[in-house]
Every structure is written in C-alpha cells, then in structure tokens.
Amino acid sequence: MRTLLAVLLALLAAASAHARTIADSAGRKVEVPPQIEKVFAAGPPASILLYILAPDKMTGWPNPPTAEERPYIAEPYRDLPALGRLTGRGGTANLEVVLQSKPDLILDVGSVRETYVSFADNVQGQTKIPYVLVDGRFEATPAALRLLGDILGVGERGEELAKYVERTFVAIDKVLAEVPMPERPRVYLARGPDGLETGVVGSINTEIIERAGGRNVAEAAGQRGLVRVSMEQIIVADPEIILTWDRNFFGRVKQDPLWAGVRAVREGRVYLAPTAPFGWIDRPPSLNRVIGLKWLAGLFYPDKFLEGLRETTRQFYRLFYHVDLAEAELDTLIAWSKGQAPSQQQLPRR
Amino acid sequence: MVEGTSPIPAATPETLTSHSGAIFASLVASLALLMLGASLVGAYPLALGDLVAAVGRRLTGAAPQGQVDTILFEIRLPRIFAAVLVGAGIAAAGAAYQTLFRNPLVSPDILGVSTGAGLGAVLGIFLSLPVAGIQLSAFIVGLATVGLVYSIATLVHGREPILVLVLAGVAVGSLAGAAISLLKILSDPYDQLPAIVFWLLGSLAAIRKGEVWATAPLVLIGLVPLMLLRWRINVLSLGDEEAKALGVEAGRLRFFVIAAATLMTASVVAVSGVIGWVGLVIPHIARMIVGPSFDRLLPAAMLLGASYLLVVDTAARTMARIEVPIGILTAIIGAPFFLWLLARGREGWS
C-alpha cells in the first residue's frame, strides 16, 4: 500500500513538473505549465474571455468595472484590482506590476498580426512568463473558447460554451441562407458624440453587423478600422437601421432635423445597445458580442427569430457571466435594449 | 495718365492702387467661384439647376422638396461657410502674428491657442460632454492658455518681451500637450480615444448651421481691431524702438493684436478641431502676391486662406466615401511647400 502511494505521488510529481507545449492562434509554440493558477489578461477582450472561462484565475481587470457595470459581474470578481493594459493602443500596465501578480500565463485576445506576435515574443522573453495569443475575430470565437479551455484545464466548460456559440451561428446562418444579399437590411453603426464615427466593412468593430445578417453601409476600399463620415454621406447611404451605444447620440438623434430625413430615424429603427457589464455589439470586441448577436438577429429579422430576449439574456448572463440576474436587473437590461437606458450619472471615470 | 505711356508705371501710387485692386478683385472672384463649385460637388448628386431651384424655393418661401434643400442649406452651405471662416480666421491670425513677432516662422499656435483648445476639447470628450459642451470647453481653454502665457510674459520682466512671450508659449503649450497625452491614457479606449484622435486631426464633417452662426461674430470681433489697427501693426514690424519713435506704444498694441488673433483662432479651432500649417503658409503666399505691408497682407491672407481651406475641405469630403481628416491634408500640402519656401530664401520678407 505504501509503495503504491509513493509510486502514485512520484508519478504526480513527474506529471506536474512536465510542461506542455501548445500552439497558440498565431502558430507560436509556447511552453505552459500543466497547472495554471493565475492568468494576466493583456487587454479588455482577453479579460472577458478569461472571466467567462475561468474567473478564479484572473489577477485583475484592465479597467475597474464602473458602478453601472458592477451588478452584472459576479461577486468576488467585480472587486479585482485594475492592473492596466499590456498591449494595443497605449499600454498602461507596468511589467513589474504584472510580475508582482505572479501569473503563470499572459493572455492576449485580438489580432494575431506580426506586430502582436513580436510584442508577445518580447514580453515573454523579458518576463519568462508564457504569453499566449488567441485570435479574437468573431468567427473564431468557438476555436478561442476550446483553445483557452484546453490550456487552462477547463476543457469541458470551453467545449460547452463553444457549442453554444456554434449553435447561435448555425441558427442565424440557416435563416440567412434564405435571404439573398440585396434583401438584407442596410445598417449604420453610429459612434462618437455626434454619431459621425463608424467602422468600415471588414473592421473588427463592425463585423457583428454582417454576422447577424446586415449590410454595413460604410464601405471604403483599402480602409480598415474606425473612420469619420459626413452627414451628407449618411443621407446618401440612407441606412434602414442605425445602431449605437452612445446615449448622448441616441437621445438626440430623433429630435435632430438633419437625421430626421434618414430612413432609419423616420421608421423608428434606431437601436441602443446595452453596455453592462460589457458592450453588446462591440466595446470591446470579444465574447460579449454573442448576446448582442442574438439581439441584432432579432432586430434585423423580427419574424424569423422568435426566441424571447428576456429568457435568452437571463441564460446568457448565467452561463457566461456567472450571475443570476435579479428581476430588476433583468428589467434594466431589457428596457435598455429597447432604448430606455439607465440615466448616465457622472460616475468616476476609469 | 494713360498706363501705356508711362515709363515706370509701378512706381506711381495710382497704378499701384489699381494694380492691387485688380489682385483683390481676382482673389474675391476666385473665392466666390470656388464656393459655387464646392456647393455643386459631394456625395449627393446636385446639379446647377437643382441649386438654382432650391435657392428660388428658399427666396419665394415655397415648400422644400425632398432631401435637396436639406443637403444644400443644412449640410453643404454651412460647411462651405465654415471652411471659409476657419481658413480666413487662421490665416488672418497667422499674418498678424508673423508681423507682430517679426518672424516668418510663426504660426497662430505659437502662444499655445491650438494646443489649449485641443486640451479643452479632449477634456470635454473625457467628461462625456455633448458636442456643444466640447466646443465651448475648447474655446475657453484655448483662450485661457494664451491668457496664461501672456500673464507669465508680463510678470517676467525681460529685456526681450517678444522672446519671453514665445518661450512662455512653448513651455505652456508643451504642458498642455502633456495634459492631452495624460487624458488619452486615462480615457475609455473604445469611445473616447477615437473621438479624441479624430478631433485632434481636425474636420468640418460635423459642422452645423448654428455653429457657423455662433463662430462668425466671434471671428468678426477679432477681425475688426486688426483691420482698424492695421497701419499701426505695420509700424510694429519695424521693431519696438522705431515704433515708439513713431508714436506707437508697442506693448499695448501687442496686447490687442494677441487678444484679437487668439479670439479668432480659438473660436474657429473650437468647431473645426486642430488644423495646422494654414496659418503658417498662407501669409507667406499672400506676402509673395501683395508684399509685406500689413494693411494689404491682412485681407489678402484672409481671402487666400478662405479659398485654400475651402479647396482642402472639399477634397476631404469628396476624395473617398469616408472623410479624410483636414489636418492630414493641410500638413501633407503645407509642410513640403514650407520647405520649398525656406529653400527659396527670405525673399519678399521685411
């Protein structure tokens, strides 16, 4: 008996000492420890994926959750410290702070282009902490869930959520198969205080429009990412649907004589996306878009998607965000998605 | 005197006047033509006939027809007048500063008005103010920055008041620049940061009729003292001692010129965002055409600046299906031109 135990222990020790080598989305070979206890999320998209898969392994948030977002994040995790971003536009994390939180892994979700690959290699070389890059495109969401689930040792949960996302994609594709391109609604995503910022076709900020079966009216050959457009261009494009999460803009657009002539405003099809705890259609571009996708598909094709938003939202928040929403909180979200946002108090900024 | 018979016609005051009269007439005519041309191009197809009909409807009080009237009177014309106003204001301020500081390398931002306005706008965006609040904040902080620079310069009793003024401007300007960078780091990366970046690149895409009406009187208030004092300002270009000998009190006059130029620049930059190079390059071209005397330089610079910015803004809104930020275009055109001027030497100055 004692020898058996000793052998078992020895085996365990050998296994735990054995680091695995995995390939991340950029094709980088990264050696990761078999047991990962703490993960540093390099930016907001990564922190959301990590929170969804394994919140107990988080070291902190890139930005502290605001008072408005806190009720929608599960209890102990909403109080995690803000550690800053390590990548992307203007890194604010201090490498020493990163090291102090003693992560076994650094996780970044988003673009896997050369810039980010070299950044990952640099940080990994400097900190000796394995740095994993995961493709953040919407289409790659199931793969991201499986890859990270496997790395973190929560493969079952990763698989379950990946299946959920795949089912959502398949259900939408089935409807879209019967809707030819010219019949799909033409959609404009209004950003910024004046609504004249948008993302062009192909940018990560607007890919949810096409995914949900809409056509983005902002097209520009050779252009990517966020751009400015003029009022005249919007009147010419005459979108059938306008999406926004900017409450200032949403509140103003109906009274504005210039926007009044645009078809979406005339027909009352301007929609406000909730942003708690994370944006429904973007902001950041991560898994938070899955609930927004279901919402948008229902807005674009109201007679084809009859799933009740209330139940879907309750389920999604429970399954992905680890929160059982109280009725009042659910009411807030549903009213928000119908254009009645909670009043925007002057909360302390991040 | 018949022109053809005179051996040296340019030397007589009469021909000089009629010569510059012809120059100004052609500058005014080309601006008018450009304005007409600009009102005919854009994303929305609008022919000369539509324009005449729309103006006719407006004059007779007939009911507007479709989107044509909105496009013309609410979008295109306000934008054209805004471009004229911004171009004229910045160029006039640049001409005044170059004469005042007796230095051709000076632009209206030398005392920090643009950087200050930038800081005000960034602060407005950071606090999620509505558009009008952002503009007001830009205007106020722009004025306050120059006020601060001027107070510092008057408190420091140096022997070289102009040098002290410029150095104080550089120091305060770079402090404001640092504050902008700080706010960029602290701002929300999804909503506020793009809005900040676009604002700092300058654009007239979002211009409204009301903003033109609000800006025009402020530019006029700045312009009137410059026009009335143009002879004395000319004397300033000789230097403080000479000005004093001719009965002009340099210090007080300098205060009025700075106040007037700052008011103009701050009010236009508040609606257009930061637009560089116009105030630096346009007075040079004006000087090449009408000579260095301020009484002719000022109107020539205004007309040229108006035409130039109108052309650039029209290009910005018609080049692509999205907006090209004006600040980028003015830098691409202005910087090489300026280098060419430098290579040509100081011809035409003094």
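Residues numbered from 1 in each chain as written. Chains lettered and ligands numbered in written order. Predicted model: local features only at pLDDT ≥ 70, side-chain atom pairs only at ≥ 80, totals over all residues.

K.L.:
Can you walk me through the overall build of chain A in this structure?
P.N.:
Secondary structure summary: chain A contains 14 helices and 11 strands in total. A compact globule built from 350 residues would reach a C-alpha radius of gyration of about 20 Å, and chain A, at 22 Å, matches this within 12%. The C-alpha extent of chain A, read off along each of the three principal axes, is 80 × 45 × 40 Å. For chain A, the residues scored as buried account for 44% of the 350 residues in total. Put simply, of all contacts in chain A between residues at least 6 apart along the chain, 60% involve residues at least 24 apart. (Helix = DSSP H or I, 4+ residues; strand = E, 2+ residues; numbered from the N terminus. Rg over C-alpha atoms; globule rule 2.2 N^0.38 Å. Buried ≥ 20, exposed ≤ 12 C-beta atoms within 10 Å, placed from the backbone. Contact = placed C-beta atoms within 7 Å.)

K.L.:
Explain the overall build of chain B to me, please; I cannot follow it from the model alone.
P.N.:
Scanning chain B for helices and strands turns up 14 helices and zero strands. When the helices and strands of chain B are listed from N to C terminus, the series reads α-α-α-α-α-α-α-α-α-α-α-α-α-α. Since a compact globule built from 350 residues should have a radius of gyration of about 20 Å, the 21 Å found for chain B is in line with a globular shape. Overall, chain B is about 65 × 60 × 40 Å in size when its C-alpha atoms are taken along their principal axes. Scored against the burial criterion, the 350 residues of chain B give a buried share of 48%. Contacts in chain B between residues at least 24 apart in sequence constitute 75% of all its contacts with a sequence separation of at least 6.

K.L.:
Teacher, can you tell me more about the interface of chain B and chain A here?
P.N.:
It is common to give the size of an interface as the accessible area that goes away when the parts come together. With 33 residues of chain B at the interface, the matching set in chain A holds 32 residues. Among the elements that make up the side of chain B that touches chain A, the one with the highest residue count is helix α3 (residues 68–100) of chain B (five residues). Here the side of chain B that touches chain A is composed, by residue class, of 21 nonpolar, four polar and eight charged. (Nonpolar A, V, L, I, M, F, W, Y, C, P; charged D, E, K, R; others polar.)

K.L.:
Would you take a moment to explain the domain arrangement of chain A for this structure?
P.N.:
Residue and element names in this part refer to chain A. Domain boundaries assigned for chain A yield domain 1 (14–168) and domain 2 (181–337). Computed from C-alpha coordinates alone, the two centres of domain 1 and domain 2 are separated by 27 Å. Contact with domain 1, which involves 22 residues of that partner, is made by 23 residues of domain 2. Where the side of domain 1 that touches domain 2 is concerned, the elements lending two or more residues are α2 (44–53) and α6 (155–176). Among the elements that take part in the side of domain 1 that touches domain 2, α2 stands out by supplying five residues, more than any other. Residues belonging to the side of domain 1 that touches domain 2 are distributed by class as follows: 16 nonpolar, three polar and three charged. (Domains from an automatic or database assignment.)

K.L.:
Just to check I follow, could you spell out the nonpolar core for this structure?
P.N.:
Soluble, globular proteins show a tendency: their nonpolar side chains are buried together. Membership of the largest hydrophobic core comes to 194 residues, with the highest contact counts inside it found for L49, L50 and L107 of chain A together with A91, A92, A96 and A301 of chain B. Ranked by residues supplied to this core, first place goes to α3 of chain B with 18 residues. Formed jointly, this core draws a minimum of three residues from each of two domains, domain 1 (14–168) and domain 2 (181–337) of chain A. (Core = buried A, V, L, I, M, F, W, Y, C linked by C-beta atoms within 7 Å.)

K.L.:
Would you take a moment to explain the packing of helix α13 (residues 294–318) of chain B against helix α14 (residues 326–344) of chain B for this structure?
P.N.:
The relative placement of two packed helices comes down to the angle between their axes together with the axis-to-axis distance. All names here are of chain B. Direction vectors running N to C along α13 and α14 enclose 125°, while the axes themselves pass 10 Å from each other. Put simply, α13 runs oblique to α14. Relative to α14, the crossing made by α13 is right-handed. Across the interface between the two elements, V312, D313, A315 and A316 from α13 touch I326, L329 and T330 from α14. Its residues assigned to classes, the contact of α13 with α14 comprises five nonpolar, one polar and one charged. (Axes fitted to C-alpha atoms, helices over the stretch in contact; angles between N-to-C directions. Parallel < 35°, antiparallel > 145°, perpendicular 65-115°, else oblique. Left-handed = near helix turned anticlockwise from the far one by under 90°.)

K.L.:
Explain helix α4 (residues 113–126) of chain B here, please?
P.N.:
Owing to its 3.6 residues per turn, the α-helix aligns residues three or four sequence positions apart on the same side. Residues and elements named next belong to chain B. Taking 1.5 Å as the rise per residue, α4 with 14 residues should run 20 Å; its terminal C-alpha atoms sit 20 Å apart, in good agreement. Taken across its 14 residues, α4 has 14 buried, putting it largely inside the fold. Two residues or fewer after α4 comes S128, characterised by a positive phi angle close to 55°. (Expected span 1.5 Å × (residues − 1).)

K.L.:
I would appreciate a short explanation of the sheet that holds strand β6 (residues 186–189) of chain A in the present structure.
P.N.:
Residue and element names in this part refer to chain A. The strand order across the open sheet formed by four strands is β8-β6-β10-β11, and the pairing between neighbours is parallel. Every interior strand has two partners, whereas the edge strands, β8 (215–216) and β11 (270–272), have only one. Note: strand β10 (residues 241–244) against β11, three bridges, orientation parallel. Counted as the bridge partner of I242 is V270 from β11. (Pairing = 2+ DSSP bridges.)

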